[in-house]
Amino acid sequence: MSFRNILVAYDGGMPSVKALDKALDMVRHDPEAKLTVLSVYSVAAVAVADAVVAVPSSVQREQFMAAQEQLKQAEAQIASIPNAASVLLEGSPGETIVRYAKQHGNDLIIVGNRGFGPLREFVMGSVSHYVLQHTDVPLLVIK
């Protein structure tokens, strides 16, 4: 099966670097294949007692700028690929990846797996696990 519209989730961590390397290997063999590197950052609200407090705009801006800087590493790697692009979005990583793939007709999603144990994954969740459970698009998880 040949994939022509690949989405790779990228957060700058070693598993996502490996996922990007795999995606690059795949698209280099097909000059018409399209590659999108998607980086998702989230700005969480802070709970104080019974209230939820919005994160100050200066902190939100810092998080955005840090995410942009992190994505530059991936952009340097895809610069020589003709049909490659990078996208930076804010939101819940798993939900955003699934929604983006559906909206843009991706035929393969590649994500890195941090290797959480069952208890930690249950408590914290896992982006790769969320994507697996919520997408109809083939998923390649790289360890």
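Quick look at the structure, then. Predicted model, so just to flag it, every value in this text is computed and none were measured. (Residues numbered from 1 in each chain as written. Predicted model: local features only at pLDDT ≥ 70, side-chain atom pairs only at ≥ 80, totals over all residues. Heavy atoms only, no water.)

### With respect to the overall build of the protein chain
Helices and strands together make up the secondary structure of the protein chain, namely five helices and seven strands. Out of the 143 residues belonging to the protein chain, those deemed buried represent 35%. Looking at the protein chain as shown, the accessible area adds up to about 8,500 Å², and 55% of this sits on carbon and sulfur atoms. (Helix = DSSP H or I, 4+ residues; strand = E, 2+ residues; numbered from the N terminus. Buried < 20%, exposed > 50% of the residue type's maximum accessible area, 1.4 Å probe, protein only. Areas by Shrake-Rupley, 256 points an atom, 1.4 Å probe, with all protein chains shown as cover.)

### Digging into the sheet that holds strand S5 (residues 84-90)
Strand order in the open sheet formed by five strands is S5-S2-S1-S6-S7, with parallel pairing between adjacent strands. Of all the strands in the sheet, just S5 and strand S7 (139-142) have a single pairing partner and so form its edges. Averaged over all pairs of adjacent strands, the angle between strand axes in this sheet comes to 20 degrees, irrespective of strand direction. The pairing of strand S1 (residues 5-9) with strand S2 (residues 34-41) spans five bridges and is parallel. Among the inter-strand pairings, Val8 is bridged to a residue of S2, identified as Val37. Along the sheet, helix H1 (residues 14-28) makes contact with S1, S2, strand S6 (108-112) and S7, crossing S6 at roughly 145 degrees. (Pairing = 2+ DSSP bridges. Axes fitted to C-alpha atoms, helices over the stretch in contact; angles between N-to-C directions. Contact = heavy atoms within 4.5 Å.)

### What about the pattern of salt bridges?
One pass over the full model with this rule turns up four salt bridges. Here Glu32 makes a salt bridge to Arg4, at a shortest N to O gap of 3.1 Å. Residue Glu32 is found in the loop between H1 and S2, and its partner Arg4 is found in the segment before S1; the two are separated by 28 residues along the sequence. Residue classification places Glu32 among the exposed residues on the basis of a relative accessible area of 60%. On the accessibility criterion, Arg4 (35% relative accessible area) is partly exposed. For Lys72, the salt bridge goes to Glu69, with nearest N and O atoms at 3.5 Å. In this pair, Lys72 and Glu69 are both assigned in helix H2 (residues 57-78), three residues apart and thus about one turn of the helix distant. In this structure Lys72 comes out as partly exposed when scored by relative accessible area, which is 46%. Of the residues examined, Glu69 reaches a relative accessible area of 48% and is grouped as partly exposed. Among the ionic contacts, a cluster of salt bridges with common partners joins Arg4, Asp30 and Glu32. (Salt bridge = Lys/Arg side-chain N within 4 Å of Asp/Glu carboxyl O.)

### A look at the packing of H1 against H2
Packing of H1 against H2 leaves a shortest axis separation of 11 Å and a crossing angle of 20 degrees. As the angle between them shows, H1 and H2 are arranged roughly parallel. Crossing of H1 against H2: the hand is right-handed. Counted together, Leu20, Asp21 and Leu24 of H1 and Ala74, Gln77 and Ile78 of H2 form the full contact between these two elements. (Parallel < 35°, antiparallel > 145°, perpendicular 65-115°, else oblique. Left-handed = near helix turned anticlockwise from the far one by under 90°.)

### Focus on helix H3 (residues 93-103)
A turn of α-helix holds 3.6 residues, and therefore any two residues three or four places apart point the same way. Among the residues of H3, Gly94, Thr96, Ile97, Val98, Tyr100 and Ala101 are the ones counted as buried. Buried residues along H3 sit in contact with S1, S2, S5, S6 and helix H5 (127-134). Once H3 ends, the next one or two residues include Gly105, with phi positive near 65 degrees.

### Observations regarding the nonpolar core
Counting 19 residues, the largest nonpolar core has Ile6, Val8, Leu20, Leu35, Val37 and Ile110 as the members making the most contacts within it. When residues of this core are traced back to their parent elements, those giving at least two are S1, H1, S2, H2 and S6. The element contributing the most residues to this core is H1, with five residues. Leave out the neighbours within four places in its chain, and Ile6 touches Ala23, Met26, Val27, Lys34, Leu35, Thr36, Asn106, Asp107, Leu108 and Ile110. Membership of the second largest hydrophobic core comes to 13 residues, among which are Leu38, Val87, Ile109 and Val111. (Core = buried A, V, L, I, M, F, W, Y, C linked by side-chain atoms within 4.5 Å.)

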